[in-house]
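Structural overview
Below are the chains, spelled out letter by letter.
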Amino acid sequence: MTTPTTRPLLLRPGLPLTVREHGHGHGASVLLLHGGPGPDSLTPLAEHLATRHRVLLPTHPGWDDTPRLPAPTSVADLAEAYLELLQQLDLPAVTVVGSSFGGWVAAEMALRDTGRHLDRLVLMNAIGPAVPGHPVRAPVPRTDPGSPTAAQPTGGGQSGASRPGPSSPAGLAAMYEYTGPLLQDAGLLDRLKAAAQPVLVVWGEDDTVVSPDFGRAYAAAFPDAHFKPIAGASHLPIREQPAATFAAIDAFLDPPATPHTA
């Protein structure tokens, strides 16, 4: 296990960003984009990848007491901010791994990557497109952040790493500000045909937020994508089936060398 370094970065005036950095492996750099539960939900994956890769895990503006992007804002704005981060750090050939809401941001990054920073993409139970017949079932309702229901968006004493929805009222409010009330972009599915990167779409087969068929349609919209179902997992497969999920991501990031034949 590596000890992460947390540092604040100023992408531009009025846009601070908190980034955790795990590992200094010799493999390609990896940018992890969390979903509603916040960055802690991806810590196990960051620690796993850190033995071979430099892993960056930013906190989306608006989560964990960080300031939001100046309103009005959108998923596209957040994607542009992370492309600025990669440019500022001078990181080429980056793999972006996005979970749930973070997968939507990753998909937008792939479409806007004019600087050619992204080498490949991993989407885990990602939201984003509107898929006919397969609505997104929000893990938590949209409520007033000051209301009692917002204070415990998924009920009980679950930690941010285990609940499927945003880990705080502020995170919930920030997510809906980026996504809009429907948690989808009606035009995204068609636009994905312009993505140039190889894509792995990892999906928990028991997900009740976005169904496996939603994930299959997501993967089919990319020119070069592979759909990998994870049995026994739901919306956060690295929690329910970590070994199978890590193995799928490892094989995509570090494929075995092809034996040389004369």
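Predicted model, so just to flag it, every value in this text is computed and none were measured.

Here is what the cut-offs are and how they apply
Residues numbered from 1 in each chain as written. Predicted model: local features only at pLDDT ≥ 70, side-chain atom pairs only at ≥ 80, totals over all residues. Heavy atoms only, no water. Helix = DSSP H or I, 4+ residues; strand = E, 2+ residues; numbered from the N terminus. Contact = heavy atoms within 4.5 Å. Areas by Shrake-Rupley, 256 points an atom, 1.4 Å probe, with all protein chains shown as cover. Phe/Tyr/Trp six-rings, centres within 6.5 Å; stacked < 30°, edge-to-face > 60°. Buried < 20%, exposed > 50% of the residue type's maximum accessible area, 1.4 Å probe, protein only. Pairing = 2+ DSSP bridges. Axes fitted to C-alpha atoms, helices over the stretch in contact; angles between N-to-C directions. pLDDT = per-residue confidence, 0-100.

Further remarks concern the overall build of the protein. Counting its secondary structure elements, the protein contains nine helices and ten strands. Intrachain contacts of the protein at a sequence separation of at least 6 include 76% that bridge at least 24 residues. On the protein, roughly 11100 Å² of surface is accessible, and the fraction owed to carbon and sulfur atoms is 56%.

Two descriptors summarise a pair of aromatic rings, namely the distance from one centre to the other and the angle between the planes of the rings. With the rule as written, the count across this model stands at seven aromatic pairs. For the pair Trp-63 and Phe-101, a centre-to-centre distance of 5.7 Å together with 20° between the ring planes defines the contact as stacked. In this pair, Trp-63 is assigned in the loop between β4 (53-58) and α2 (75-88) and Phe-101 in helix α3 (residues 101-111), connecting sequence segments 38 residues apart. On the accessibility criterion, Trp-63 (0% relative accessible area) is buried. Summarising the aromatic geometry, the rings of Trp-203 and Phe-227 are spaced 6.4 Å apart at their centres and angled 35° between planes, so their arrangement reads as tilted.

Ordered in space as β1-β2-β4-β3-β5-β6-β9-β10, the eight strands form an open sheet in which the pairing is mixed. What marks the edges here is a single partner per strand, and that holds for β1 (5-12) and β10 (225-230). Averaged over neighbouring strand pairs, the angle between their axes works out to 25° when direction is ignored. Here strand β9 (residues 199-204) pairs with β10 via six bridges, running parallel.

Here we come to the pairing of strand β2 (residues 15-22). With six of eight residues buried, β2 lies mostly within the body of the structure. The sheet contact formed by β1 and β2 spans seven bridges and is antiparallel. Residue Leu-9 lies in a different strand from β2, and its bridge partner there is Leu-17. Hairpin connection between β1 and β2: a loop of two residues separates the two successive antiparallel strands, and Gly-14 in this loop has a positive phi of roughly 85°. Alignment of β2 against β4, held across four bridges, turns out to be antiparallel. Across the sheet, residue His-22 finds its bridge partner in β4, namely Val-55.

A word on the environment of Pro-70. Structurally, the position occupied by Pro-70 is in the loop between β4 and α2. Given a relative accessible area of 56%, Pro-70 falls into the exposed group.

Okay, the confidence of the model for the protein next. When pLDDT is averaged along the protein, the result is 87; 85% of the residues meet or exceed 70. In this model, residues 143-163 is a region of pLDDT below 50 whose contacts with residues beyond four sequence positions or in other chains number 29 contacts.

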